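Below, each chain spelled out in residue letters.
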Amino acid sequence: MECLILWLLVAVGTGLLLFSFRLLSLREVSISFLLNAYAASFFGAIVAGAGLLEYPVRFFAAYTDNSVIFEYLLYPVVSVYVYATSRRSRRLGVAAQCAGYAAVLTGVEVVFERYTDLIEYHRWTWVYSFVTMFFLTLAVRLLAGRVVGKTEK
């Protein structure tokens, strides 16, 4: 069942990524996507490597402890949509949207942790996930806005 869920997540992530090009330019999608993928893979390697959480069923299990689908596809795609929906927002609005997206991602993670073998908490809780994703999403969003703003002039 878990492999089916993983393939479904790949399909959803790929579809959302392709659809994002209808909302944003290639430059905006690329900057937001790649900044998030880099940051998520860095922090994900630390968290999974320290044994704080584990991904018992994952793609490329022989090569990495990380969730490749989450860190290199799903979370970066969410970052693209955070950028798209908050382009014209002020900082408080951006922070509120980052909190909302982080809450949804955390909720899905909790469901997967409880009912599947896709993720298993050891010395980790949903609170850590929410706080980490909120601040990482906010940092990537603000940095992407600065980078895109600098290149447009």
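Residues numbered from 1 in each chain as written. Predicted model: local features only at pLDDT ≥ 70, side-chain atom pairs only at ≥ 80, totals over all residues. Heavy atoms only, no water.

> Explain helix α4 (residues 91–115) residue by residue, including any values.
Over its 25 residues, α4 extends 36 Å from the first C-alpha to the last, a length consistent with the 36 Å expected when each residue adds 1.5 Å. Of all the residues in α4, the buried ones are Val94, Cys98, Ala102, Leu105, Thr106, Glu109 and Val110. (Helix = DSSP H or I, 4+ residues; strand = E, 2+ residues; numbered from the N terminus. Expected span 1.5 Å × (residues − 1). Buried < 20%, exposed > 50% of the residue type's maximum accessible area, 1.4 Å probe, protein only.)

> I'd like a rundown of unusual backbone geometry, residues and numbers included.
For residues that are not glycine, phi is negative in most cases, and the peptide bond is trans in most cases. Phi angles above zero are rare outside glycine, and phenylalanine 60 is one such case at about 60°. Topologically, phenylalanine 60 is positioned in the loop between β1 (53–54) and α3 (68–85).

> Quick rundown of the confidence of the model for the chain? Include the residues and the values.
Of the residues in the chain, 97% reach a pLDDT of 70 or more, and the chain-wide mean stands at 93. Per-residue pLDDT, averaged within each element of the chain, yields its smallest value for helix α5 (residues 126–152) (90) and its largest for α4 (96). (pLDDT = per-residue confidence, 0-100.)

> Kindly report on the nonpolar core, identifying the contributing residues and their values.
In this structure, Tyr75, Cys98, Leu105, Met133, Phe134, Leu136 and Leu138 are the most contacted members of the largest nonpolar core, which totals 14 residues. Those elements that place two or more of their residues in this core are α2 (26–49), α3, α4 and α5. Sorting elements by how many residues they give to this core places α5 first, with five residues. Setting aside residues up to four positions removed in sequence, methionine 133 forms contacts with Phe70, Tyr75, Ala102, Leu105, Thr106 and Glu109. (Core = buried A, V, L, I, M, F, W, Y, C linked by side-chain atoms within 4.5 Å. Contact = heavy atoms within 4.5 Å.)

> Explain α2 residue by residue, including any values.
Along its 24 residues, α2 runs 33 Å from first to last C-alpha, staying within 8% of the 34 Å computed at 1.5 Å per residue. In the segment just after α2, glycine 51 is the residue with positive phi, at about 75°.

> Any chance you could break down the pattern of salt bridges for me, citing the residues and the numbers?
Per the stated rule, a full pass over the model turns up two salt bridges. Between arginine 87 and glutamate 28 there is a salt bridge; the shortest N-O distance is 3.9 Å. Of this pair, arginine 87 sits in the loop between α3 and α4 while glutamate 28 sits in helix α2, and the two are 59 residues apart along the sequence. One salt bridge connects arginine 58 with aspartate 65, and the closest N-O pair in it is separated by 3.7 Å. (Salt bridge = Lys/Arg side-chain N within 4 Å of Asp/Glu carboxyl O.)

> Summarise the side chain of glutamate 109; cite the residues concerned and give the values.
Secondary-structure assignment places glutamate 109 in helix α4. One buried charged residue, glutamate 109, remains without a salt bridge, the closest side chain of opposite sign being arginine 114 at 11 Å. Aside from chain neighbours lying at most four places away, what touches glutamate 109 is Ile119, Tyr121, Trp124, Ser129 and Met133. (Lys, Arg positive; Asp, Glu negative; His and termini not counted.)

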